[in-house]
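Survey of secondary and tertiary structure
Chain by chain, the residues:
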Amino acid sequence: MAGSFKKTVAILISLLIAFSAAAIQSSAFDEEENSRQRAELKEENSEIKEELSETNKAIKDKENEAKKLQQQISELSEKIKNSNQKIKNLNDRIVEKQKEIDEKLKAIEDRLDYLRKRLRAIYMQGDTSSLEIILGAKDFSDFVDKAEMMQSISDYDNKLINSLQSKMKTISTEQAKLKADKKTVEEEKEALQKNLKKINTLNEQNTELIKELNTKKSTLEQKIENNKNRQNELLKALQAYNKELAQKAKESAGESGDVYSDETEYVVEPTDGYVWPCPGHTYLTSTFDEWRGANNHGALDIADGSIYGAKVVACYEGTVFSTCTTCEHDYGKYSSCGCGGGYGNYVMIDHGGGKISIYGHLSGVTVTPGQTVVGGQLIGYVGSTGYSTGPHLHFETQYNGVRYDPLSEY
Ligand SMILES: [Zn+2]
Ligand SMILES: [Zn+2]
């Protein structure tokens, strides 16, 4: 009975161990996969950024278009306003002409009344037939025709009526011209209104497009944010893994080894480009092109009063392929102690694609060859080891073995 119990416990324990092992196995960190995913995300991010910049450009274009359309709208509205004013003026003048015509008609009417009276007087004198003809006239021209037939109308009346008739004709012609002008302006106005309607439609479509582009813009910005977060997660996983490795190494090797214990740090923000190797210190005491007797310096020297012991970080992700940690001559000197080929304590990182970076004269190094680093990760501290007259960071970049200006990466 007791033996059977022991057996059961033993089985349970072995199962538990197997399960734990499986759990450890399944959660095992795949450094290659992590790096592959981050590269993928970076690629994706640069594509999104490209699309975003295109979208921003399109928004700018459409906004410029909108400005032009709104300018056209205000010009057309102004023209329509002018047309309305013109039409109003023409209307006033047409009404004026009508008034003049009415006045002339009234004058003619008055003259005719006068003539009728005179004719009546003539009739009283005995000329019956003429009166009947004249009083039977249908209208004025009929009257004139008939009156002309008769010699009983005086030249004076004849002239007066002719003059009135001619003036009225002139005014009518003027009025007709005004009416024609009005019609032209009205047609112009109609064309302007049609044009305005067209441009208003274009403007509305344009506004809609800008709205759509802005929506797209926010979507892309959200995608960039998500991408950043995913990169961050991967960086954190890598960080945790590296810490674990460092811990294990420490446990197996004891406290001996590097001058500085591992103190891995990562930038929280994943970057697409190069990170400055000495955060907070940007003063250059020597640039790439500085002439040093027989050749160019070919690197940057970063230094200031408070630089000693400052953190040095990897400028870009890569693999540490060489370090020197043995120089103990960490002070200013005017000749080389010869350590690290003059670089003193250094770190060299291979970024792939033929690019490497070198960090020289360090007082301490926190990484080891073969270790993967990401941009912004702590790799050492500023010092004055090797051929160095005072604390500074010698930062050098090479492409296919040829030095190039590190500033070209920023
Ligand atoms: Zn040395
Ligand atoms: Zn230098």
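Residues numbered from 1 in each chain as written. Chains lettered and ligands numbered in written order. Predicted model: local features only at pLDDT ≥ 70, side-chain atom pairs only at ≥ 80, totals over all residues. Heavy atoms only, no water.

Some words on the overall build of the protein
The secondary structure content of the protein amounts to five helices and twelve strands. Of all intrachain contacts in the protein linking residues separated by at least 6 positions in sequence, the fraction that spans at least 24 positions is 75%. Within the structure as shown, the protein displays about 24700 Å² of accessible surface, and the carbon and sulfur contribution to it stands at 53%. (Helix = DSSP H or I, 4+ residues; strand = E, 2+ residues; numbered from the N terminus. Contact = heavy atoms within 4.5 Å. Areas by Shrake-Rupley, 256 points an atom, 1.4 Å probe, with all protein chains shown as cover.)

Describing the coordination of the zinc ion (ligand 2)
For the zinc ion (ligand 2), the full set of protein donor atoms is H297 (NE2), D301 (OD) and H394 (ND1), at a range of 2.0 to 2.3 Å. Looking at H394, the relative accessible area reads 8%, which means it is buried. (Donors = N, O, S within 2.8 Å, 3.2 Å for Na, K, Ca; no water. Buried < 20%, exposed > 50% of the residue type's maximum accessible area, 1.4 Å probe, protein only.)

Thoughts on the coordination of the zinc ion (ligand 1)
With distances of 2.0 to 2.3 Å, the protein atoms coordinating the zinc ion (ligand 1) are C327 (SG), H329 (ND1), C337 (SG) and C339 (SG). Classification of the site at the zinc ion (ligand 1) as tetrahedral follows from its four donor atoms and the range of 105 to 114° in their angles at the metal. The class of H329 is partly exposed, set by a relative accessible area of 28%. (Tetrahedral: all angles 85-135°; square planar, octahedral: opposite > 155°, others 65-115°.)

Looking at the nonpolar core
Counting residues in each nonpolar core, the largest one holds 23 residues, and the members touching the most others are C278, V347, I349, Y359, I379 and L393. When contributions to this core are tallied by element, the ones reaching two or more residues are β4 (300-302), β7 (345-352), β8 (355-365), β10 (378-382) and β11 (393-399). Apart from the residues within four sequence positions on either side, V347 is in contact with V320, S322, T323, S357, I358, Y359, L362, V365, V367 and I379. In terms of nonpolar packing, the next biggest core, distinct from the first, is built from nine residues, L115, F140, I161 and L164 among them. (Core = buried A, V, L, I, M, F, W, Y, C linked by side-chain atoms within 4.5 Å.)

Quick word on the environment of E212
Along the chain, E212 falls in helix α5 (residues 155-253). Considered as a pair, E212 and I59 are 153 residues apart in the sequence and their alpha carbons are 9.5 Å apart.

Thoughts on the pattern of salt bridges
Going through the model one piece at a time under the given rule, you end up with 14 salt bridges. Put simply, R38 and E317 hold a salt bridge, and the shortest N to O gap is 3.2 Å. One end of the pair, R38, is in helix α2 (residues 31-124); the other, E317, is in the loop between β5 (311-313) and β6 (318-324), and 279 residues separate them in sequence. A relative accessible area of 3% places R38 in the buried class. Residue E396 is joined to R403 by a salt bridge in which the shortest nitrogen-to-oxygen separation is 2.9 Å. On the accessibility criterion, R403 (36% relative accessible area) is partly exposed. (Salt bridge = Lys/Arg side-chain N within 4 Å of Asp/Glu carboxyl O.)

Structural notes on the side chain of D301
Tracing the sequence through the fold places D301 in strand β4. Polar contacts involving the side chain of D301 include one to the side chain of H297, which spans 3.4 Å. Here the side chain of D301 touches H394 through a polar contact of 3.3 Å, side chain to side chain. Ignoring sequence-local partners within four residues, the contact set of D301 consists of Y283, L284, T285, S286, R292, H392, L393 and H394. (Polar contact = N/O pair within 3.5 Å; in protein donor to acceptor, adjacent residues only side chain to side chain.)

Observations regarding the environment of D61
Considering the arrangement of structural elements, one finds D61 in helix α2. Residue D61 is classed as partly exposed on the basis of its relative accessible area, which comes to 37%. Taking the C-alpha atoms as reference points, D61 and I210, separated by 149 residues in sequence, lie 9.5 Å from one another.

Some points on the pairing of β6
When β6 meets strand β9 (residues 372-373), the two strands line up antiparallel, connected through two bridges. Across the sheet, G318 pairs through a bridge with V373, a residue of β9. In terms of strand pairing, β6 meets β7 through five bridges, oriented antiparallel. Directly across from T319, in β7, lies its bridge partner D350. (Pairing = 2+ DSSP bridges.)

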